[in-house]
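# Fold and contact review
Below, each chain spelled out in residue letters.
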Amino acid sequence: MTITPERAAERDDVLAKARAAKAVAPRLATLPTPEKDALLHAAADELIARTDDILAANQRDIEAGREEGLDEALIDRLALSAERIEGIASGLRQVAGLKDPVGEVLRGGIMPNGITMKQVRVPLGVMGMVYEARPNVTVDAFGLALKSGNVALLRGSKSARQSNAALVGILQDVAASRGLPREIVQLLPCDTHDSVQDLITARGLVDVVIPRGGARLIEAVVTNATVPAIETGTGNCHFYIDRDADLDSAIEMLLNGKTRRVSVCNATETALIDAALPATDQLRIITALQEAGVRVHGDVDKLSALGARDIAPATDVDWAEEYLSMDIAVQIVDGVGGAIEHIARFSTMHTEAIASLNAITLQKFAAEVDAAAVMLNASTAFTDGEQYGMGAEIGISTQKLHARGPMALPELTSTKWILEGAGHTRV
């Protein structure tokens, strides 16, 4: 297949940067913790010092986005401010204060023949990151990659082109000022979607790729990658209100999960209501959502029979939808068994929650629901690396191999076995 010169140049750029990343990976893998922490603090200081440069670049992205018709929700995700930059810098300082996972001994001992053995954490190597819109992810990914000894290859979105370039340029300047290769963090071209394919098929150069964004982006990366990929999942998160729930508390948790921040993956997208609850209580739940400004999608006839009004008709699309907006799907189910059955059919295995005061019901839900996180009498909003005490996170993994749930520093490492003998040979 013939490709254009422009496409060839883009592919060559990606592969050249991947080779450069592979070349500097051994140095970063052995960088002492004090040097990593000093670099993180220096980068945080420099981001603050160059706030005006970052904001100017970001403004160019915002103007271009509005010209291209980006909606205001995406513009908000794209936009930076002095306060947001301060928060990004604070995140780097927070990572610097976390325990360095590299070199941690997980297990070991002495074999019967006297050989000592230990399993230690080591960096993954070259970490490719594909993400959308948010420029803060550029710095977060750099900070977590650096602290865990990994080189970062970043493929951000076209909408944040100028912002990401400014941020990576600053990070590279700080690295160079401390005697480290600029290639410890690099920004890949974003002119076409083909550059994503170049990254995720660069076997032998890229050790792992992590997508972070909407369902289509994640599916495209996971499906087409020949490089090992860690799936950070979309969040069709359910909240089930059981017949034995404290209704006031349940409604409070439901509203917190739905309305606290609608654009995050741990937002509640479906409410499941036990059919055994009195009709007045079922209506109260629906009304509380609507009074909070949430548009309810569901079975119009069934919910209208409870006295509910202004219900948007729901289809299977709604039950599977990650709305990321002030919308929610509501379904009446036959007890905890019905809730578990509905979740098994439509869940993205991110976060599932239940409100109940029945210990047996809680135990059944926890044991039978298949998800990265299960919340018992708690909002879905708690699936977050910072809330778990991990500090910053690279994403929420919904797969079952290597890492599951919030991924922080330990999840960005692999292991190797080191055996030490004294001239031992095996019979």
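Residues numbered from 1 in each chain as written. Predicted model: local features only at pLDDT ≥ 70, side-chain atom pairs only at ≥ 80, totals over all residues. Heavy atoms only, no water.

### Let's talk about the overall build of the chain
- Scanning the chain from terminus to terminus reveals 15 helices and 16 strands.
- Relative to the globule expectation of 22 Å for 427 residues, the C-alpha radius of gyration of the chain, 24 Å, shows essentially globular dimensions.
- Overall size of the chain, expressed as C-alpha extent along the three principal axes, is 75 × 65 × 50 Å.
- Buried positions account for 50% of the 427 residues belonging to the chain.
- Nonlocal contacts in the chain, meaning residues at least 24 apart in sequence, comprise 71% of its contacts between residues at least 6 apart. (Helix = DSSP H or I, 4+ residues; strand = E, 2+ residues; numbered from the N terminus. Rg over C-alpha atoms; globule rule 2.2 N^0.38 Å. Buried < 20%, exposed > 50% of the residue type's maximum accessible area, 1.4 Å probe, protein only. Contact = heavy atoms within 4.5 Å.)

### Here's the deal with the pattern of salt bridges
- If you walk through the whole model with that rule in mind, you get 24 salt bridges.
- Among the ionic pairs, Asp173 bridges to Arg182, the shortest N-O distance being 2.9 Å.
- Residue class for Asp173 comes out partly exposed when judged on its relative accessible area of 31%.
- On the accessibility criterion, Arg182 (34% relative accessible area) is partly exposed. (Salt bridge = Lys/Arg side-chain N within 4 Å of Asp/Glu carboxyl O.)

### Some words on the sheet that holds strand 13 (residues 373–376)
- Pairing is parallel in the open sheet, where seven strands are placed in the order 10-9-11-8-7-12-13. Every interior strand has two partners, whereas the edge strands, strand 10 (312–313) and strand 13, have only one. (Pairing = 2+ DSSP bridges.)

### Re the UniProt feature "domain: Aldehyde dehydrogenase" (unreviewed entry) in the chain
- Residues annotated by UniProt as "domain: Aldehyde dehydrogenase" (unreviewed entry) correspond here to residues 7–274.
- The span residues 7–274 is 51% helix and 17% strand, and its two end C-alpha atoms sit 55 Å from each other. (UniProt positions renumbered as here; feature names shortened; annotations may be inferred.)

### Concerning the nonpolar core
- Membership of the largest hydrophobic core comes to 68 residues, with the highest contact counts inside it found for Phe142, Leu154, Ile184 and Ile394.
- Beyond its immediate sequence surroundings of up to four residues, Ile394 is in contact with Met127, Met129, Ala141, Leu144, Ile210, Arg212, Met407 and Leu412.
- Core analysis: the second largest hydrophobic core is formed by 29 residues, Ile285, Ala288, Leu289 and Ile328 among them. (Core = buried A, V, L, I, M, F, W, Y, C linked by side-chain atoms within 4.5 Å.)

### Some details on the domain arrangement of the chain
- With domains assigned, the chain is organised as domain 1 (5–232 + 403–419) and domain 2 (237–388).
- Look at where the C-alpha atoms of domain 1 and domain 2 centre, and you get two points 34 Å apart.
- Every contact between the two is made by five residues of domain 1 and, on the other side, 11 residues of domain 2.
- For the pair domain 1 and domain 2, the summed buried area comes to about 590 Å², and 50% of that belongs to carbon and sulfur atoms.
- A per-residue breakdown of the area domain 1 buries against domain 2 is headed by Arg134, Arg404 and Pro406, which together make up 71% of the total.
- Taken together, the links from domain 1 to domain 2 amount to one salt bridge.
- For the pair domain 1 and domain 2, the number of links is one residue pair in polar contact (both at pLDDT 80 or more). (Domains from an automatic or database assignment. Buried area = accessible area lost by both parts, 1.4 Å probe. Polar contact = N/O pair within 3.5 Å; in protein donor to acceptor, adjacent residues only side chain to side chain.)

### Topic: the state of the cysteines
- In total, this model carries zero disulfides according to the counting rule given.
- Here Cys237 stays unpaired: no disulfide links it, and the sulfur of Cys265, its closest cysteine neighbor, is 6.9 Å away. (Disulfide = S-S within 2.5 Å.)

### Topic: helix 2 (residues 33–49)
- For helix 2, built from 17 residues, the straight-helix expectation of 24 Å at 1.5 Å per residue is met to within 8% by its first-to-last C-alpha distance of 24 Å.
- Elements in contact with the buried residues of helix 2: helix 3 (51–67), helix 5 (82–96), helix 6 (136–147) and helix 7 (161–177). (Expected span 1.5 Å × (residues − 1).)

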